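Next come the chains, spelled out residue by residue.
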Amino acid sequence: MSTINSDAVIGVIGAGTMGAGIAQVAAKSGHSVLLYDAFEGAAQRGLDGVAKGLSKLVQRGKMQQADVDALLARITLTDSLENFAPARVVIEVIVERLDIKQSVFAQLEEICAEDTILATNTSSISVTAIGSKLKRPHNLVGMHFFNPAPIMKLVEVISGLDTAPSVADAIYDLSARWGKKPVRAKSTPGFIVNRVARPFYAEGLRVLQEGGADEATIDAIVREAGGFRMGPFELMDLIGHDVNFAVTSSVFAAFFNDQRFLPSLIQQELVSAGHLGRKSGKGFYDYSEHADKPAAATAAPAKAPHHVTIEGHLGVAEPLVALIEEAGIKVSRVQEGFGSILIGDTTLQLTNGQMTTERAHNARNSNLIHFDLALDYTKATRIALAPADQTAADAVLQATGLFQAIGKHVTIIDDVAGMVVMRTIAMLANEGFDAVNQQVCSEADVDVAMKGGVNYPFGPIEWSKTVGLGVIMNVLDNLASGYGEDRYRTSPLIRRKVAGGKHDR
């Protein structure tokens, strides 16, 4: 399949927000674009929306009016699929129904040239299934953009079972020349992003279900310690619970009810009640005009300790030592040990996926407190602590005072296994590695996809290697043991890498 040059005509079917955005992307790269929508007036509304968005860029000095005029002139509205005959690539952006997509592509095969590439922007339907009714399924490929298409960089290039490698290559190269960051994946449920992202929502929902913390507190921990732009509950409210629940349910069903993708009863209740998030005015949060925004649980000020002892190496949390010293707290070090911060008889350890209470019992250490993972302990503004049930109140105050002394807001959560950020990152990495293990995509593409498609601060596979794959495997194994659920089974690829010594930070 030859390179798709800038003089190639691009067809876009569907002029909603996504379709119109894709038309804008293609026209900006110099292509003549044909834009069609089956609903009367929809194509014009789509083009008007593009023009309105571009005018704002002119007002902000981001574009010149002459360039906007030239871009818009390259988009031609058409009221018939018959006019797609000259298109080199046709991108379908219509309703997520297999039968309708198959029908549209079958019509295009009769209209377009034999080597015209047919691309589907589907986010959930098998590319292989769409192509099964076509005469030339080798010409069909997934080209999954993310909303808003002119801004989001990621494009998932999805190969169905019959997709010609040259077709996938051509769309990959085209996406790159359009200024996108393309990744390759096989046609499997959820592709990369909608598959790997499931634990981001699921683990927050699980912590909420178990009473670990409330929504606002979990969101704050994920933002302020995990470095994410939004917490899971804020994001689900933004996406819409009907949409998010439907995607989770679809992936769960497509994987034959694999427990790793089990939908949440909490979210199902919200959907049943019509509490869909921002668009309905209420979801996890109340968006009515005078509603109070709930605040995260934050511990009251406590006295800082004068001295701490560090036993062993703290691993990914080692930067805490320098912060403690900079705060004027005396630090002593003991080489032996399992990575602990000691304040008198109080022991602080990074969560290992066990409940703190269980770990304290096994270690015969009644004053044990787990602290959560952070993306960057030097920049994190909040840290979560989970005391064991046996831990004395004074010990909790000592731990609180220590982290407050190094500039952190402290949140005390109930004792849930793996806490918040750690269990979320472990499960995101686990799903990413499992996609790689099942030959869906590469490790690099997992990280590119999650950063480019859903704005993660760090790719989950990169992040897991920074934490240490041995640590991640231990967290997952402890979650699996504690819950007794297949949901937390460790990917064979993680085990293989740890066994092969490829787990150093």
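In case you missed it, the structure is sitting above this.
Residues numbered from 1 in each chain as written. Predicted model: local features only at pLDDT ≥ 70, side-chain atom pairs only at ≥ 80, totals over all residues. Heavy atoms only, no water.

### Points about the pattern of salt bridges
Next, step 1: Here the structure, examined in full by the defined rule, presents 23 salt bridges.
Next, step 2: Across the pair Glu485 and Arg206 runs a salt bridge, and its minimum N-O distance is 2.5 Å. Residue Glu485 is located in the loop between helix 19 (469–483) and helix 20 (492–499), and its partner Arg206 is located in helix 8 (residues 198–209); the two are separated by 279 residues in the primary sequence.
Next, step 3: Given a relative accessible area of 29%, Glu485 falls into the partly exposed group.
Next, step 4: Taking the relative accessible area as the measure of exposure, Arg206 reaches 14% and is therefore buried.
Next, step 5: When the shortest N-O distance is used, the salt bridge between Glu443 and Lys497 registers 3.1 Å. (Salt bridge = Lys/Arg side-chain N within 4 Å of Asp/Glu carboxyl O. Helix = DSSP H or I, 4+ residues; strand = E, 2+ residues; numbered from the N terminus. Buried < 20%, exposed > 50% of the residue type's maximum accessible area, 1.4 Å probe, protein only.)

### Description of the environment of Gly41
Next, step 1: Along the polypeptide, Gly41 turns up in the loop between strand 2 (33–36) and helix 2 (42–59).
Next, step 2: For Gly41 and Asp79, which are 38 residues apart along the polypeptide, the C-alpha to C-alpha distance reads 9.5 Å.

### Things to note about unusual backbone geometry
Next, step 1: Cis geometry is found at the peptide bond from Asn147 to Pro148, where omega equals 0 degrees.
Next, step 2: Note on placement: Pro148 falls in the loop between strand 6 (140–145) and strand 7 (154–159).
Next, step 3: Its identity is not glycine, yet Met419 carries a phi of approximately 55 degrees, on the positive side.
Next, step 4: Of note, Met419 is situated in the loop between strand 15 (409–412) and helix 16 (421–437).

### Let's talk about the pairing of strand 4 (residues 89–92)
Next, step 1: Residues Val89 and Ile91 line one face of strand 4 and the alternating positions Val90 and Glu92 line the opposite face, and both faces are buried.
Next, step 2: Of the strand pairs in this sheet, strand 1 (residues 10–13) and strand 4 are connected by 4 bridges, and their pairing is parallel. Looking across to strand 4, one finds that Gly11 is bridged to Val90.
Next, step 3: In this sheet, strand 5 (residues 117–120) lies alongside strand 4 in parallel orientation, the contact comprising 4 bridges. In the strand pairing of strand 5, Val89 is matched with Ile117.
Next, step 4: On the question of chirality, the crossover connecting strand 4 to the parallel strand 5 by way of helix 4 (residues 98–111) is right-handed. (Pairing = 2+ DSSP bridges. Right-handed = clockwise from strand over helix to strand, strands pointing away.)

### Focus on the sheet that holds strand 13 (residues 368–371)
Next, step 1: As summarised here, the arrangement of the 7 strands in space is 10-9-11-12-13-14-15, forming an open sheet in which the pairing is mixed. What marks the edges here is a single partner per strand, and that holds for strand 10 (330–334) and strand 15. Recorded for the sheet is a direction-independent mean angle of 30 degrees between the axes of neighbouring strands.
Next, step 2: With 4 bridges joining them, strand 12 (residues 346–350) and strand 13 adopt parallel strand pairing. Residue pairing for strand 13: Thr347 is matched across the bridge by Leu368.
Next, step 3: Together, strand 12, strand 13 and strand 14 (382–387) form the strand contacts of helix 14 (residues 356–363), whose direction differs from that of strand 13 by roughly 135 degrees. (Axes fitted to C-alpha atoms, helices over the stretch in contact; angles between N-to-C directions. Contact = heavy atoms within 4.5 Å.)

### Topic: empty space enclosed by the protein
Next, step 1: Evaluation of the coordinates by the stated rule reveals 3 cavities of 30 Å³ or more.
Next, step 2: Contributing to the lining of the largest cavity are 13 residues, with Arg198, Tyr201, Ala202, Thr248 and Leu262 lying nearest its centre.
Next, step 3: Within the residue set of the lining of the largest cavity, elements represented by two or more residues are helix 8 and helix 11 (241–254).
Next, step 4: Among the elements that take part in the lining of the largest cavity, helix 8 stands out by supplying 4 residues, more than any other.
Next, step 5: Residue composition of the lining of the largest cavity, grouped by class: 7 nonpolar, 4 polar and 2 charged. (1 Å grid on protein atoms, 1.4 Å probe; cavity = no way out; pocket = protein on both sides within 12 Å on 5 of 7 lines; lining within 4 Å. Points joined across faces, edges and corners; volume = space filled by probe spheres on them. Nonpolar A, V, L, I, M, F, W, Y, C, P; charged D, E, K, R; others polar.)

### Things to note about the sheet that holds strand 8 (residues 181–186)
Next, step 1: Taken in spatial order, the 8 strands line up as 3-2-1-4-5-6-7-8 in an open sheet, and their pairing is mixed. Strands with a single pairing partner mark the edges of an open sheet, and in this sheet they are strand 3 (75–78) and strand 8. Across the sheet, the mean angle separating the axes of adjacent strands is 25 degrees when strand polarity is ignored.
Next, step 2: Relative to strand 6, strand 5 runs parallel, the two being bridged by 3 bridges. Bridge pairing in strand 6 places Thr120 opposite Gly142.

### Focus on the layout of surface pockets
Next, step 1: Reported here for the largest pocket is a volume of approximately 1400 Å³.
Next, step 2: Lining the largest pocket we find 49 residues, and of these Met18, Ser123, His144, Asn147 and Val243 sit closest to its centre.
Next, step 3: Counting only elements with at least two residues in the lining of the largest pocket, the list comes to helix 1 (17–28), helix 4, strand 6, helix 7 (193–196), helix 8, helix 10 (232–239), helix 11 and helix 17 (443–454).
Next, step 4: The element that contributes the greatest number of residues to the lining of the largest pocket is helix 11, accounting for 5 residues.
Next, step 5: The residue makeup of the lining of the largest pocket, split by class, is 28 nonpolar, 15 polar and 6 charged.
Next, step 6: Approximately 540 Å³ is the volume found for the second largest pocket.
Next, step 7: As for the second largest pocket, its lining consists of 26 residues, and the residues nearest its centre are Gln24, Leu54, Leu57, Pro150 and Ile151.
Next, step 8: Elements that contribute at least two residues to the lining of the second largest pocket include exactly helix 1 and helix 2.
Next, step 9: The dominant element in the lining of the second largest pocket, judged by the number of residues it contributes, is helix 2, at 7 residues.
Next, step 10: Looking at the lining of the second largest pocket residue by residue, the class counts come to 11 nonpolar, 10 polar and 5 charged.

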